[in-house]
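Structural overview
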Amino acid sequence: MTDEELVRRMQQGDMQAFDELYARYKNDAYRVACLITGSRADGEDLTQEAFVTCVQSIGSLRDGSKFRPWLLRTLTRAAWKYCRKSKRETPVAEFFETGEGESALSAVLRTDEQRRLYQAMYALDEKRRTVLVLYYFDNRPVKEIARTLGVTEGTVKSRLFSARRHLRQALTEKEGKPEEAVTHG
Amino acid sequence: MDEMKMEREMKEMLHRCAEGLEAPDTLKTRIDFALKNGGQTRKVRRPFAKRLAAVALVAAVAVTGAVAGSGVKGWYSSTWLDQNWKDFSQTAAYVQEHVPGAKYVESFSNGYTFDKGYEDTVAKRDESGNTLGSFTGILLDYEKDGAQVTLDASPVQEEGQYTSPYDTVRTVGETEVHYRAMKGITLPPDGSIQPTAEEQAAFERGEINIAYGSSAREEYTFYSVSWIENDISYSIYTMEPCGLTEDDFFQMAREIIES
């Protein structure tokens, strides 16, 4: 059954259709949420919040085939709000220093380059980090990321450009400590 | 590092971080629970997965035989993510502020030691799900060799039924302390699995407990000791006693009462 059919059934009050959509996208949403926040715990909370919001506002989704980008849009908005409000972005350096096991997604990283990229990514503001996650992890083209985030393609390109520049700087710095990320746009 | 290599490393880094990340089974239960309760996305985190059942369970015990005419059909308990402390002095300060007069200890003589403290908010709802009121209590987890017991202290509520005819009762000082080892079941909150007629009847007689909050039907035995002192209701409970006997529970109650 297509997403469109499932959304239509949900809009008619069929919660089994929601169960199907949940099963289909729970891991996608959870992984994106964990990568944006850098924490399994926060990722779980945000995934919950996004699915609950989607159920509550399913009536406003006109094109059911766009359920996945709509879900991710809801998720990223919630993530931004969450990051700004509670400042939950634990500095990556702390993960290494304290051995914070539960949230340390980076524990699996083997090479120095990947660890420095990870640190650099989490020094970025949440909007640039989200673009990196959708582009490099979710393999979405710029046009689709723009639709998902509700911004123009130019904004996505601009965020990608400045994020890449920041990552490059992080990789070339001997100490591996990225400079403070710019937070605008 | 050239641009292409950096992009490859970036992709690989993110995919490595996401390796093995799968939405936990408890997440769907949490979502269903939030939707059933008006979509409030209470933040019950992983360490609370079991707590959700345990706390709901305590609430269900408390309302068995609720005062007729009170209108309260059930108590719905939730624990806030951002209201917990690993530091005992922080927890103690919170207790003094929000549940004044509540007693607690940092450790018990049997070796169970304070691990974490949480705020616990309980909403009172009528049959239609309307919230009639709420109250706040505190939960203190104590651990010993990986085993855990929880101390719950909250203000006494008029409609609450805090004892059962099946309790073992002893007196500590001037306080009546009730011990029970009660069998129970936890069911999904969406109503997809219902208790049998026999279980429902046993629940109404106060013989078993029925709680909601799991993803499938689960059976357990709930061990607790409870008492009321100065308008505060206390209970110390666990579902995994790990060798704790009835006498041990009474001794832990004594240590709180005499603290």
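Residues numbered from 1 in each chain as written. Chains lettered and ligands numbered in written order. Predicted model: local features only at pLDDT ≥ 70, side-chain atom pairs only at ≥ 80, totals over all residues. Heavy atoms only, no water.

Some thoughts on the interface of chain A and chain B
Each partner contributes residues to the interface: chain A has 46 residues there, and chain B has 34 residues. When the two sides are added together, the surface that chain A and chain B hide from each other amounts to roughly 3800 Å², 64% of it contributed by carbon and sulfur. Where chain A touches chain B, the interface holds 2 salt bridges. Scanning the region where chain A abuts chain B turns up 9 residue pairs in polar contact (both at pLDDT 80 or more). Those elements that provide at least two residues to the side of chain A that touches chain B are α2 (15–37), α3 (40–56), α6 (112–123), α7 (126–137) and α9 (153–172) of chain A. A total of 12 residues in the side of chain A that touches chain B trace back to one element, the largest contributor, which is α3 of chain A. (Contact = heavy atoms within 4.5 Å. Buried area = accessible area lost by both parts, 1.4 Å probe. Salt bridge = Lys/Arg side-chain N within 4 Å of Asp/Glu carboxyl O. Polar contact = N/O pair within 3.5 Å; in protein donor to acceptor, adjacent residues only side chain to side chain. Helix = DSSP H or I, 4+ residues; strand = E, 2+ residues; numbered from the N terminus.)

What to know about the packing of aromatic side chains
This structure, assessed with the given rule, holds 15 aromatic pairs over all chains. Directly above the ring of tyrosine 22 of chain A sits lysine 28 of chain B, whose terminal nitrogen or CZ lies 5.7 Å from the centroid. (Phe/Tyr/Trp six-rings, centres within 6.5 Å; stacked < 30°, edge-to-face > 60°. Lys NZ or Arg CZ within 6 Å of the ring centre and 35° of its normal.)

Some thoughts on the environment of aspartate 145 of chain B
Among the secondary structure elements, aspartate 145 of chain B is positioned in the loop between β3 (131–144) and β4 (147–155). Sequence-wise, aspartate 145 of chain B and glycine 111 of chain B are 34 residues apart; in three dimensions their C-alpha atoms are separated by 9.0 Å.

Quick word on the pattern of salt bridges
Within the structure shown, the criterion is met by 20 salt bridges over all chains. Notably, a salt bridge pairs glutamate 258 of chain B with arginine 254 of chain B, separated by 3.0 Å at the nearest N-O pair. Here arginine 254 of chain B falls in the partly exposed class, since its relative accessible area comes to 31%. Overlapping salt bridges bring together Asp28, Arg68, Asp138, Arg140 and Glu144 of chain A as one network. (Buried < 20%, exposed > 50% of the residue type's maximum accessible area, 1.4 Å probe, protein only.)

Some thoughts on the confidence of the model for chain B
Residues and elements named next belong to chain B. Averaged over all residues, the pLDDT of chain B is 76; the fraction at 70 or higher stands at 75%. Helix α6 (residues 246–257) holds the highest mean pLDDT among the elements of chain B, 94, whereas helix α3 (residues 49–63) holds the lowest, 34. Counted against residues more than four places away or in other chains, residues 39–69, with its pLDDT under 50, gives 87 contacts. Scored by ipTM, the complex comes to 0.80, with pTM at 0.50. (pLDDT = per-residue confidence, 0-100.)

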